[in-house]
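Report on the structure
Spelled out, the chains give:
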Amino acid sequence: MTAEPAVWSGPAGPQALRARWQAMGRSPALIGAADVLAVLIAASLPWSTTAPSIFVGLWLLVVTPTIDWRDYGRQLARPAFALPFAFLLLALLGTLWSDGTWADRLHAIKPVAKLVLIPALLYHFSRSERGFWVFLGFLASCALLAVYSWIVLHDPSWKLTATASAGVPVKNYIDQSQEFTLCAFALALPALTFRRRGNVVATVVCVALILLFATNMVFVASARTALLCIAVLLGLLAWRHLSRRATLALLASTIAASTLAWTTSPYLRHRIADIAVEYRHGHEDISRASTAQRLTYWRKALHAIAEAPLTGHGTGSIKRQFERAATDGSSLDAEIVSNPHNQTLNVAMQWGVLGVVLLYAMWIAHLRLFLGEGLAAWIGLVAVVQNIASSLLNSHLFDFHEGWMYVLGVGVAGGMVLKAKAGPHLLFETRMEGEAVDPQKFLRAGVRLSADQAFYSAATQAAWGGAGAKTPKTGTTISSSRR
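Our focus in this paragraph is the overall build of the chain. The helix and strand inventory of the chain stands at 21 helices and three strands. Within the chain, contacts between residues at least 6 apart in sequence are counted, and of these 72% link residues at least 24 apart. Taken as a whole, the chain presents about 23,900 Å² of accessible surface, with 66% of it coming from carbon and sulfur.

Here we come to the environment of proline 79. Turning to its location among the elements, proline 79 is positioned in helix 5 (residues 79-94). When the C-alpha positions of proline 79 and isoleucine 364 are compared, they lie 9.4 Å apart, and in sequence the two are 285 residues distant. Non-local contacts of proline 79, meaning those with residues more than four positions away in its chain, are made with Pro84 and Ala365.

Attention now goes to the pattern of salt bridges. Applying the stated rule across the entire model yields five salt bridges. Notably, a salt bridge pairs aspartate 35 with arginine 130, separated by 2.5 Å at the nearest N-O pair. With aspartate 35 in helix 2 (residues 28-44) and arginine 130 in the loop between helix 7 (117-125) and helix 8 (131-154), this pair connects stretches of sequence that are 95 residues apart. Here arginine 130 falls in the partly exposed class, since its relative accessible area comes to 28%. Salt-bridge contacts for glutamate 323 lead to arginine 320; the nearest nitrogen and oxygen are separated by 3.6 Å. Here glutamate 323 and its partner arginine 320 are both found in helix 16 (residues 318-325), three residues apart, which amounts to about one turn of the helix.

A separate point is the confidence of the model for the chain. Confidence in the prediction for the chain averages 83 pLDDT; 78% of positions are at 70 or higher. Scored below 50 in pLDDT, residues 425-483 makes 79 contacts in the model with residues more than four places away or belonging to other chains.

Assignment of secondary structure puts threonine 315 in the loop between helix 15 (290-307) and helix 16. Within polar-contact distance, the side chain of threonine 315 engages the side chain of tryptophan 351 at 2.9 Å. Other than its neighbours up to four places away in sequence, threonine 315 contacts Leu90, Ala91, Gly94, Thr95, Ser98, Arg105, Ala108, Ile109, Gln350 and Trp351.

As for its position among the elements, threonine 181 is in helix 9 (residues 173-186). Within the structure, threonine 181 has its side chain in polar contact with the backbone oxygen of serine 177 (distance 2.8 Å). What threonine 181 contacts, discounting residues up to four positions off in sequence, is Met217, Ala226, Cys229, Ile230, Leu233 and Gln386.

Attention shifts here to helix 6 (residues 102-113). The end-to-end C-alpha distance of helix 6, which contains twelve residues, comes to 17 Å, matching closely the 16 Å that a straight helix rising 1.5 Å per residue would cover. Burial in helix 6 covers these residues: Arg105, Ala108, Ile109, Pro111 and Val112. Here the buried residues of helix 6 occupy an arc of 160° about the axis, which is enough to place them on one side. Exposed positions of helix 6 whose direction lies more than 90 degrees from the buried face are Ala103, Leu106, His107 and Lys110. The inward-facing, buried residues of helix 6 contact helix 5 and helix 17 (343-369).

With the rule as written, the count across this model stands at ten aromatic pairs. Arranged with centres 6.1 Å apart and planes meeting at 55°, the rings of tryptophan 47 and tyrosine 148 form a pair that is tilted. Here tryptophan 47 is found in the loop between helix 2 and helix 3 (50-63), whereas its partner tyrosine 148 is found in helix 8, with 101 residues between them in sequence. Seen from the ring of tryptophan 102, arginine 105 lies directly overhead, with NZ or CZ sitting 4.3 Å from the centre. Lying over the aromatic face of tryptophan 133, arginine 130 brings its terminal NZ or CZ to 5.5 Å of the ring centre.

A word on unusual backbone geometry. Positioned with a positive phi, lysine 171 is a non-glycine residue whose angle comes to about 60°. Here lysine 171 shows up in the loop between helix 8 and helix 9. Non-glycine residue histidine 341 carries a positive phi angle of around 60°. Its location among the elements puts histidine 341 in the loop between helix 16 and helix 17. A relative accessible area of 24% places histidine 341 in the partly exposed class.

In this model helix 5 runs 21 Å from its N-terminal to its C-terminal C-alpha over 16 residues, within 8% of the 22 Å that 1.5 Å per residue would give. Taken as a whole, helix 5 has its buried residues at Ala80, Phe81, Leu83, Pro84, Phe87, Leu88, Leu90, Ala91 and Gly94. For helix 5, the elements touching its buried residues are helix 4 (69-75), helix 6, helix 7, helix 17 and helix 19 (400-422).

So, on to the environment of alanine 261. Inspection of the secondary structure assignment puts alanine 261 in helix 13 (residues 244-264). Assessed through its relative accessible area of 12%, alanine 261 is described here as buried. Residues alanine 261 and threonine 215 lie 46 residues apart in sequence; the distance between their C-alpha atoms is 8.7 Å. Apart from the residues within four sequence positions on either side, alanine 261 is in contact with Val218 and Leu268.

Rules and cut-offs
- Each chain has its residues counted from 1, following the order in which its sequence is written.
- Given that the model is predicted, a residue must reach a pLDDT of at least 70 before its local features are reported, and side-chain atom pairs must reach 80 or more before they are shown or counted; all residues, however, enter totals for whole chains, interfaces and linings.
- Hydrogens are left out, water is left out, and the side-chain values use all remaining heavy atoms of the structure.
- Runs of E in the DSSP output that reach at least two residues are strands. Runs of H or I that reach at least four are helices, and both are numbered from the N terminus.
- Any two residues having at least one pair of non-hydrogen atoms within 4.5 Å are treated as being in contact.
- Here the accessible surface of atoms and residues is derived via Shrake-Rupley with a 1.4 Å probe, and residues count as covered only by protein chains that are part of the display.
- Each salt bridge in this description consists of a side-chain nitrogen of Lys or Arg and a carboxyl oxygen of Asp or Glu lying within 4 Å of one another.
- A simple rule labels every residue: compare its accessible area, found with a 1.4 Å probe on the protein chains alone, to the largest value its type can have, and call it buried under 20%, exposed over 50%, or partly exposed in between.
- For every residue, the predictor states its confidence as a pLDDT score lying anywhere from 0 to 100.
- Here a polar contact is recorded for every N or O atom pair within 3.5 Å, except that within protein the pair must consist of a potential hydrogen donor and a potential acceptor, and residues adjacent in sequence are included only if both atoms are side-chain atoms.
- For a helix, the expected span equals 1.5 Å multiplied by the residue count minus one.
- Taken from the helix axis, the directions to the C-beta atoms give the arc we talk about.
- Only centres within 6.5 Å qualify two rings of Phe, Tyr or Trp (six-membered ring in Trp) as a pair; their planes then separate them into stacked at under 30 degrees, edge-to-face at over 60, and tilted for everything else.
- To sit over a ring, a charge needs its Lys NZ or Arg CZ within 6 Å of the ring centre and within 35 degrees of the ring normal.

Spelled out as structure tokens, the structure:
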């Protein structure tokens, strides 16, 4: 018995390579790995800046082979997918007319570049079953951080890094407050839902976690930006999910809780009282000038915008504008920064009205994703509204931590919402005359698709005598191959 010699048939043709690529893209292992990496990004975000960046790079490597690029290209017709790319394109073009140094121009592209991961996340989690894993990972990580925060408040030697604030184990109190605010309000809807269903244990768990985050911000560390966000998100909760009677009860409870917090928390009283102190003495002592700093930044930013209102001064030009506006007066007037602490002013200084239109168009497009019902829609809505509100006092869309909270919140929750809207039938490819078409358009044309593959084959064979047959009227082929 002799073995037949192996015959090399030459390099695989384009169709064979494409088939292999598509087969790899449908690999459950790759899709599962992408889901796990997304969870790791969310779970590491409260604690680190390096770890999320590494996991993002790995996620891109893993998720790229799973993307059907033709389908992805069709999705870019949606504003929620396309506008982040338009924003990045504007930032790249803005380097051509910028008066900042090239180091500043390139550095200013990075905060915008992360926005283009939103379409990839939307696409991936519109096909994934594990979107809630990401939010649970973030919630568990923030709960652990909240507990650890109390520990380092009483024993600062437990801090993981040298932070400026007591009770802040890592990063800073602004990032920590934004995380806890997002988690508390994301849990508000599950708490209401469980209470209405009579699930006492689940309700108690949700309320306990909300109190964990809220008490930390009252007694340990809080940013005044977070307090603004809390007021806005309370109104959002009442508008979206409460009756008039429940809204009045929420208002009364908020007043009572605020009074209790004010009388029992010297830290909170100090934070609020400091606003007036910072305004009066900011020009004398820059170390206590948060309020006066913002007002000075905004005044200088408006002057710079007036000089180039249409297209701005270009990508990375903010520092250069503050250098020009610096005077020999107080230390505050002489301060040179690269962030005006307002997202709209940040964008307008660099790209003028054109950039502001793109910014608000993107916010609106992402808001529209989450106007439906369900927990994913609520989480996404909270993430967008929180970012818009906090961006009144900071450039939070471009900041690392809050910017990634927005990217993950919109991308993951948005993908889950798209999946829920589409239904299970979108897991199947629809073809007309051999060309793939958008199944949603196919449905609007009056052809109903079923998620049951057996239904397709049985119905087609019974009606037309074979799987994949064409109907005499429409010439439409229904293919039940999974994407």
